[in-house]
Structures are given as C-alpha cells and as structure tokens.
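Working through the structure, step by step
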Amino acid sequence: LYKYKNSILKYNPRSYLELEGQKVNSAIKETILNIETNEFALFNNGITMLSDETYINEKIGQKNKAQLNVKNPQIINGGQTTFTLSRIYEENINNDVGKIFQGKEVLLKVITFINTPDNMDVSKKLDLIDAISTATNQQTPVISADKYSNERIPILLQKILFDRYGILFERKRGEFGDGLNKKYIDKSQILERNLFFRIYCAANGDINKAVEKKIFINKANEKEILDNNEKLDNFYFSFRCFKLISNSSNPQKTKHKHIYGQLFAMTNLYKNNKIEEYDTVIRNNLSNFRKEWDKFVETKSTSKSNFVRTYIDKETKMP
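Within any chain, residue numbers begin from 1 and follow the written order of that chain's sequence. Since the coordinates come from a predicted model, pLDDT governs what is reported: local features require at least 70, and pairs of side-chain atoms require 80 or more to be given and counted, while whole-chain, interface and lining totals use all residues. The side-chain figures draw on all heavy atoms in the structure; neither hydrogens nor water molecules are used.

1. Regarding the pattern of salt bridges
As a reminder of what qualifies: Any carboxyl oxygen of Asp or Glu that lies within 4 Å of a side-chain nitrogen of Lys or Arg is treated as forming a salt bridge with it. The helix count covers DSSP runs of H or I at least four residues long, the strand count covers runs of E at least two residues long, and both are numbered beginning at the N terminus.
A complete count under the given rule lists 14 salt bridges for this structure. Asp178 serves as the salt-bridge partner of Arg87, at 3.8 Å between the closest nitrogen and oxygen. In this pair, Arg87 sits in helix 3 (residues 79-91) while Asp178 sits in helix 8 (residues 177-181), placing the two residues 91 residues apart along the sequence. Through salt bridges that share partners, Lys5, Arg87, Glu90, Asp178 and Lys182 make up one connected network.

2. Brief notes about the pairing of strand 1 (residues 47-51)
Note the threshold: Only protein chains enter the accessibility calculation, which uses a 1.4 Å probe; a residue whose area is less than 20% of its type maximum is buried, one above 50% is exposed, and one in between is partly exposed. In this scheme, strands are said to pair when DSSP sees at least two bridges between them.
In terms of burial, strand 1 is largely enclosed, as five of its five residues are buried. On strand 1, burial covers both faces: Ile47, Met49 and Ser51 on one face and Thr48 and Leu50 on the other are all buried. Sheet topology note: the strand 1/strand 5 (residues 108-112) ladder contains five bridges and is parallel. Bridge pairing links Ile47 to Leu108 in strand 5.

3. Description of the nonpolar core
Soluble, globular proteins show a tendency: their nonpolar side chains are buried together. For clarity, the threshold we go by: To define a nonpolar core, start from buried Ala, Val, Leu, Ile, Met, Phe, Trp, Tyr and Cys residues and group those joined through side-chain atoms within 4.5 Å. Contact definition: two residues touch when any of their heavy atoms are within 4.5 Å.
Leu157, Leu161, Phe196, Phe235 and Tyr260 are the most contacted members of the largest nonpolar core, which has 41 residues in total. Where this core is concerned, the elements lending two or more residues are helix 7 (152-165), helix 9 (193-203), helix 10 (207-210), helix 11 (215-219), helix 12 (224-227), helix 13 (229-245), helix 14 (257-270) and helix 15 (278-303). In this structure, Leu161 is in contact with Gly166, Ile167, Phe169, Phe196, Leu232 and Phe235, ignoring residues within four places of it in sequence.

4. Regarding the packing of aromatic side chains
Convention followed: What counts as a ring pair is set by centres within 6.5 Å for rings of Phe, Tyr and Trp (its six-membered ring), and what kind of pair is set by the plane angle: stacked under 30 degrees, edge-to-face over 60, tilted for all other angles.
All told, the structure shown has 15 aromatic pairs when counted by the stated rule. Centroid distance Tyr165 to Phe235: 6.4 Å. Interplanar angle 70°. Geometry classified as edge-to-face. With Tyr165 in helix 7 and Phe235 in helix 13, this pair connects stretches of sequence that are 70 residues apart. Members of the aromatic cluster, joined through ring pairs, are Tyr165, Phe169, Phe196, Phe197, Tyr200, Phe235, Tyr236, Phe237, Phe239 and Tyr278.

See below:
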C-alpha cells in the first residue's frame, strides 16, 4: 500500500477512513508500536486479498520461510489494517523499521481467480467480490452507500465531474485521504457524495429530494445524471453558490430546505451559459439576491403562518 496507494483498493468499498476510522487505526498503531510480543495477530481480523495468479516458492535458501508472489493484488477487506501498517512503515522508513515489525504477524487470506471462461466474466467476478466483502467480518461496518460506490454510475460520474469542472467527487469514503495527508490536494477540492446529489437535486428544482435521507443510495444508479449536461451545469452553478451561501461542507449539517431553496432560486435567476463566468455572476448578484430572498420569506411568512415552520428552518438564518 505504501507503494501503490489507492490502486490496490479498487474493489474495496472504502478507502483509508483516516477520520472516521481513527479509533480502529489508533488501536492498530498502538498494538504494533507499544507491544513487543505478537498480540497483534490475535487482535486483528486479518486481510483478504484477491489475485489473478498466486505462486509460493519455498526454495529461497531460508529455513521455514517462503516467497509468495501475487499478480494484480486487490485488498477487499482489511484496508484499514493495511493502511495503518503502511503509514507506520512510511513514518519509520529511515529508522530501524524492521525492529518495529519484528515478531509481528497478520493473517493474509489470498483468493485467486482461475482464468476459466466462466470466471472471466466481469459481472460474476464483481458479484463474488461483493459477496465476499459482505460476508467477511468487518472492523468498521460497510454501510450500504459504500457498496454503491463501486457501481458503474458513480465511477463514471467521478470522471465527468473532474474532467468538466475539476471537482474531486468522493464516491468512496476516505479515498482522497493520502492526497490530503501529503498536501497534494486541498479539502476544498473534495465534494462528498451525498452533498453532490443534494445540490444536484436542488439545482434542478427537486427541493424535497435534496433533503431526503440516503440520497446517494437512491440516486446512485440514475443514468440521466451522466447524459444531461444542462442539469450538470445547473449543479455546478448551484455548487458555486453553495460555497458562498453555506458555511458548512458537512452533509449532515446541510439538510435545510432554506439552503436548497436559495440554490434553486439563484440558479434559475442568474445562471448563464459560460461556466468560466459563474463565480463573477454569483458575486455580482449575491447581495441583491439576499435582500430579495429575505423579502420573499417575510411576505410568505405573513400570508401563511406555518410557512417558516414548513419550508424554512427557523433556527438557521440567512448568512
């Protein structure tokens, strides 16, 4: 993992989970660094790896040792364990790293696909991978949304959003963790998967859908998202608005209708056909829009007593 990074976690439903997996990662690190004996082998559930070919060579000139060669390895379970071990290795690579790992073991299960015509079927292979991932005992639960992250639509959407807008769409939790840690990228470049769908729905007029629970699961397989550039441009304009209107990128704190109502209104009022002008257009109109929005809310609140309670969040005022 130290060498190949996320490319070895292609079929893993999650990536590094540096933040959400801190408790597990810290426990792994603590056991390796502070316990000299091999309790790690007892405490850890091990790593499950796929390979296209596997060979064991016992003739390496060392007693009770052998060499294991795997082709196209992919870790589908134990990503956190592997990541934490690789981080310990990286942090101590210039020290006596061999001494740190001396006498420590981790169980490695290698599943090798035999290249027969039936087993070469990609869909069958992916189904088996999903079944193994689900059945294998997890240290951190794989939620349903994680499983959807490797579906065709999110994978293509990730590419489109980067190619068209330069956005890093986080379809798998934690997949950009290494880039953040090494400062290759900034957190502001990353768009959490649920937040994308919330803004996309709001930009295209579906405010109720924008605040639904489990929106990623419900929308992850809608092919129309990939084919309609106009709706994607609506999303991007709303996304640029969101950066100014909301002071939070946490999707759990952005489920308020008043935010998505504003995004829909601004997109319909001000969006033009030149993506490169979006930021200028938004900044030029934001002050006036805020005044008009406040008037709109006040008028509706006066005519309909339950308007604010039903459509606008009382506890959250316009920034």
